[in-house]
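Architecture and fold: a report
If you want the building blocks of each chain, they are given just below.
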Amino acid sequence: MKTFQALAGTYERCLLGWQVTAIDQSDPSSNPENIDMEALFAHPCHKSVIKSVAACDKYIATGGDDDVIRLFDGRKHVEYGQLSHHEGSVTALGFYENSFLISGSADKTIALWRTKDWEPAAILTGHAAGITSLSLHPSGRAALSASQDRSLRLWDLTTGKCLSKKSCRMNLDRVHWDSQGSNFLMVGGKQLHVLSAKDEQPVASFGSSSLMFDACFVDDNTIFTGGADGIVQIWDIRKAKEPCSVPDRHANRVRGVAVVDGQYLVSASTDGDVRIMHKSQTKHQIEAQSGGRITCLCIREPLAGERSFDVVQTNKERKAKRKSEQQPRSSTGSSKIGDSSEREKAKQKKSKQELPVSVQIIDENKFAKSGLQKTSANGKVKRRSSEKSSSSPAAGGVAKRKTKLKLVPAVEEDL
């Protein structure tokens, strides 16, 4: 059995999440319908369109047209805070494990953030126009960036230097490494190219009948793409022939595709549909209608043994759970803290102490008293004097409130 989360951003400024449970279908005799998809949350988190979304085991990040990155605790589904370095739309995001986050923006810069303190480890500059796509090498030591300046750059993330630059004849919408880091793909317009990382020589090239918006590797020889005509296609780089297309097309353009374990293919469209199929099938096996216009998609795979997500529990179930946790321990139990509520308070106190200043969770009503103010250009948090400030709490810092993600009706309006 495989469990993962499908996450999507929308034009309506919402972060959407689903939990997917799939039965192993490697056995041809297994039921092809054994995929379950359950809504987790629909959370309005930006002031404008969400342009990008990324996730690792511990965190979820979204980038918006409002120039900020919103952070969430991926395990507890709690809003964690925001990063305010960029001065343009945040168009690309990516995590390397739980160690660092990379972000690209329309302001032409790329930022590398340490997750241990959410300080920028490096700011990469060199592109002459906005960033359109980023892809981290499987080793975490290098990254590819594509820009509207029609160039592709390879960066050494250990030094922050650009290792190579490649000029292209078209604007690139997507770049992506394969699982070994030996090849990478780039998509622009109706063209799909696969290049060798060793010498940047072409490995395969394909042309589509419509614009392609997103692409990723299924395995080292197979590519999954989605396009403006609503069709998702599978390409084999070993064979220069027409791709295999999934017969039941989306009603509108496909804005995001993703692959889980090289087995499950996920696609999301601006018609609001998120579809999942096993690669051995000829059509999608389950579909969820979000009610919003999806702009981006990513997958979060929880670690083995992670607790089941409880964000869709009813209020009655949550109250019962809290009540049971507050019950005193049996007298036979031995602990330095004998009461469960005291243990919980001690645990919360410890977790707050461990949080660095730059990502401290602060209640919005107490923000003015906290001594924190908006971040500086380099992403660091500044302290201010204890005098009362006239600035609004909504001016924000790196993190200013703790909000539980929950199911809410999607906002329907034209932007």
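The structure contained in this document is the topic of the report that follows.

Calculation criteria
Residues numbered from 1 in each chain as written. Predicted model: local features only at pLDDT ≥ 70, side-chain atom pairs only at ≥ 80, totals over all residues. Heavy atoms only, no water. Pairing = 2+ DSSP bridges. Helix = DSSP H or I, 4+ residues; strand = E, 2+ residues; numbered from the N terminus. Axes fitted to C-alpha atoms, helices over the stretch in contact; angles between N-to-C directions. Core = buried A, V, L, I, M, F, W, Y, C linked by side-chain atoms within 4.5 Å. Buried < 20%, exposed > 50% of the residue type's maximum accessible area, 1.4 Å probe, protein only. Contact = heavy atoms within 4.5 Å. Polar contact = N/O pair within 3.5 Å; in protein donor to acceptor, adjacent residues only side chain to side chain.

Attention now moves to the sheet that holds strand 26 (residues 273-278). The 4 strands lie next to each other as 24-25-26-27, forming an open sheet whose pairing is antiparallel. Each of the sheet's edge strands pairs with one partner strand only, and the pair in question is strand 24 (254-260) and strand 27 (286-289). If you compare each strand with its neighbour and ignore which way they point, the axes differ by 15° on average. As paired elements, strand 26 and strand 27 share 4 bridges and run antiparallel to each other. When the bridges of strand 27 are listed, Arg275 appears paired with Glu287.

This paragraph deals with the nonpolar core. Counting 23 residues, the largest nonpolar core has Trp18, Met37, Val266 and Ile276 as its most contacted members. Put simply, the parts of the chain that give this core at least two residues each are strand 1 (2-10), strand 2 (14-22), strand 3 (35-44), strand 24, strand 25 (264-269), strand 26, strand 27 and strand 28 (294-300). Dropping the residues within four chain positions of it, Val266 is found in contact with Phe4, Phe224, Gly256, Val257, Ala258, Val260, Val274, Arg275, Ile276, Leu297 and Ile299. Grouped together as the second largest cluster of nonpolar side chains are 15 residues, Ala54, Cys56, Ile69 and Leu101 included.

Among the secondary structure elements, Thr225 is positioned in strand 21 (residues 222-227). Aside from chain neighbours lying at most four places away, what touches Thr225 is Leu192, Met212, Asp214, Ala215, Ile231, Val232, Gln233, Trp235 and Val257. Here Trp235 takes part through its side chain, which lies 2.9 Å from a polar atom of the side chain of Thr225.

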